[in-house]
Structure formats: C-alpha cells, structure tokens
Amino acid sequence: MFTKRIVFITACKADVYWGDNSHLKGPLELHAGPAGIEELNRHLHAMPETLTYVIVDVVEEEFRNETIPHLFGRDKKEYINRRLNQYYRTTTYRGTLNLGRKKTGRRDDKILFTALTNPGVFKPWIDCLLEHKVPIVGVYTPSVLAGRILQKLDIKQENVLLITQQKNSGIRQTFFHNKRLKLSRLAPIAELDEQQYADYIFSEIEKTRRYLSRLQLLNFNHTLDVCLISDKAVVSAIVSGTTKNNQDTGLSRLHVYSVEDIETERSEERRVGKECRS
C-alpha cells in the first residue's frame, strides 16, 4: 500500500513518484499534452486514493515583499485577501508568508505575497487529479519548500543564495535573509557540459547580486553566501579549480553540495532511524 505520491510539474512535463516516507518509486515521466494526460489517467485509475503532493516549478512565479499594519484575526485575513485580489486577480494559486515584524516605528508586519501567475501551464494536470477525486494535500513550489533545504544542510548565514539544478526546468536561485524567503527566480537554460555549467553559475551569481541590491534586498557591501546543489560532475568542475571564477571574494562565499552526497546522508539517517526503532 503506497502512502504518498508526488507530482512534480514543469512547463513541459510532469514526473510522478510514489511510495512511502522511506522510499519513492519512479519517476513516471509524462509529457505535456493529451498523451501525457491519458497516461496519468491510467496511473491514477490504479492508485486513486493515495495522498498526493503537487509541486509546480515554473518561471511564472511572482514575489512581493511588503509591510502591512499589525492586525489580528479577521481584520488581518480580510486585509491580506484584499491585497491578494489586487495583485493576483487572475489566479487562485496565491498566498503569503509571514516574515516577522519591523523592529522600529509601528512594528508593522513584514509579508511576502507570492503567486503562480500562469495556471494554464499546470492546470490540465491538476484537473486530471481532481477528476479522479485524488486527495491533494497541497500545491507547493520549490521556492517555498527551499527553506527545508537550509534546515537540512544547517545553513545559518544571514544572506543566502541557494542555487539548485532543477530537472526539466533549469536553474533556480532562491534568496533568503535570516532564513526567510525573500525572492526566487527560475532561469531555463540550454544543455551544457559541466565546465560550461560551472561558468554559467558564476556569471549568474554576480548578476543576481546586483539585482538583489537594486531591489534593496541586499546591501551592496554585505556578504552573500552562495550555496550550490548540483551533481558531482558540476561540483568537481567548481572545486577542482578548472574555472577561473571559483574563488571566494570579500562579498561572496561559495558552498557546494552534491546531490549524491546529500542522498547518501539521508539514506544513512533512515538506516540509523530504523535500527533505533527496532
């Protein structure tokens, strides 16, 4: 009996994984279009009651960092809903994250408004799930889930740019200030070899740093800790010194993690957990 299903949706396809908390099978790779939807229909017919988590990884995801009056209960909910309707009228896939309160003045609330602004990209997949009355736990994005990666890797620096290599969709850069999500961008890229990919990453770091400064999310003279997660080949291209750009500077520090090493560590934790329970 499978207890969990994950449907990971990008602009061009959907990958389906299923299993339990200790092991996932898959992916079942489905291309966007009628043929992919029909294959998903067959999969759901075999497992209609499995709890399903939908993750949507697309370019059309917007973020707005704002402050609002410190309200409570119904007043706060109505105020936020009015803002969401004002900013994202054309989509129901929207929400907020509470980023704490300002330390001065009225101590207003700091709120991140976010939305998936082009539901047509992923709606056919979700409509298929609803048609089969599949229990959907929620619709998430990698940017919103990325905070868990910081926790897992014990990353505690003040300003963190998390760069991840996204299957089927490109490079995602997610910025955190004091462990709180502030902004995320997905950049589709052509297929590159390991050295080209490493060079591209370093060029993007400087562009993103300037972009964050323009948005006043990062003071220009503050250090940015860049955490890169990729496969071992790319990590090797960076740490071996095969690119001229891989040196830390006073304003940027680079930390690299391989997907394979992270997965090995997770497997070891699961093994130890099972031994402790037995």
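Keep in mind that this is a model prediction, so the values were computed, not measured. (Residues numbered from 1 in each chain as written. Predicted model: local features only at pLDDT ≥ 70, side-chain atom pairs only at ≥ 80, totals over all residues. Heavy atoms only, no water.)

Enquirer: Kindly report on the packing of helix α1 (residues 34–46) against helix α3 (residues 123–131), identifying the contributing residues and their values.
Expert: The geometry of α1 relative to α3 is characterised by a closest axis approach of 10 Å and an angle of 30° between their N-to-C directions. One element, α1, and the other, α3, form an angle in the roughly parallel class. Relative to α3, α1 is oriented so that their crossing is right-handed. Facing Gly-36, Ile-37, Leu-40, Asn-41 and Leu-44 of α1, the residues of α3 in contact are Pro-124, Trp-125, Cys-128 and Leu-129. (Axes fitted to C-alpha atoms, helices over the stretch in contact; angles between N-to-C directions. Helix = DSSP H or I, 4+ residues; strand = E, 2+ residues; numbered from the N terminus. Parallel < 35°, antiparallel > 145°, perpendicular 65-115°, else oblique. Left-handed = near helix turned anticlockwise from the far one by under 90°. Contact = heavy atoms within 4.5 Å.)

Enquirer: Please provide a residue-by-residue account of the sheet that holds strand β11 (residues 180–187), values included.
Expert: Spatially, five strands are ordered β11-β10-β9-β12-β13 in an open sheet, and the strand pairing comes out mixed. Looking at the sheet topology across the chains shown, the edges are occupied by β11 and β13 (252–258). Across this sheet, the average inter-strand angle for adjacent strands is 20°, counted without regard to direction. As judged from the seven bridges shared by strand β10 (residues 170–177) and β11, these two strands associate in the antiparallel manner. In the sheet register, Thr-174 faces β11, and the bridge partner there is Ser-184. The strands that helix α5 (residues 194–214) touches are β9 (159–166), β10, β11, β12 (224–230) and β13; relative to β10, the one it contacts most, it runs at about 40°. Here helix α6 (residues 232–239) sits on the sheet and contacts β12 and β13; the angle it forms with β13, its principal contact strand, is near 145°. (Pairing = 2+ DSSP bridges.)

Enquirer: Any chance you could break down the pattern of salt bridges for me, citing the residues and the numbers?
Expert: Summed over all chains, the structure comprises 17 salt bridges. Of the charged contacts in the structure, one is a salt bridge between Arg-172 and Asp-57, with a shortest N-O distance of 2.8 Å. Of this pair, Arg-172 sits in strand β10 while Asp-57 sits in the loop between β4 (52–56) and β5 (61–68); the two residues are 115 residues apart in sequence, bridging distant segments of the chain. In this structure, Asp-154 and Lys-156 form a salt bridge, with 3.4 Å as the shortest nitrogen-oxygen distance. Accessibility classification places Asp-154 together with Lys-156 in one group, the exposed group. Within this structure, Lys-13, Asp-15 and Glu-29 form a network of salt bridges that share partners. (Salt bridge = Lys/Arg side-chain N within 4 Å of Asp/Glu carboxyl O. Buried < 20%, exposed > 50% of the residue type's maximum accessible area, 1.4 Å probe, protein only.)

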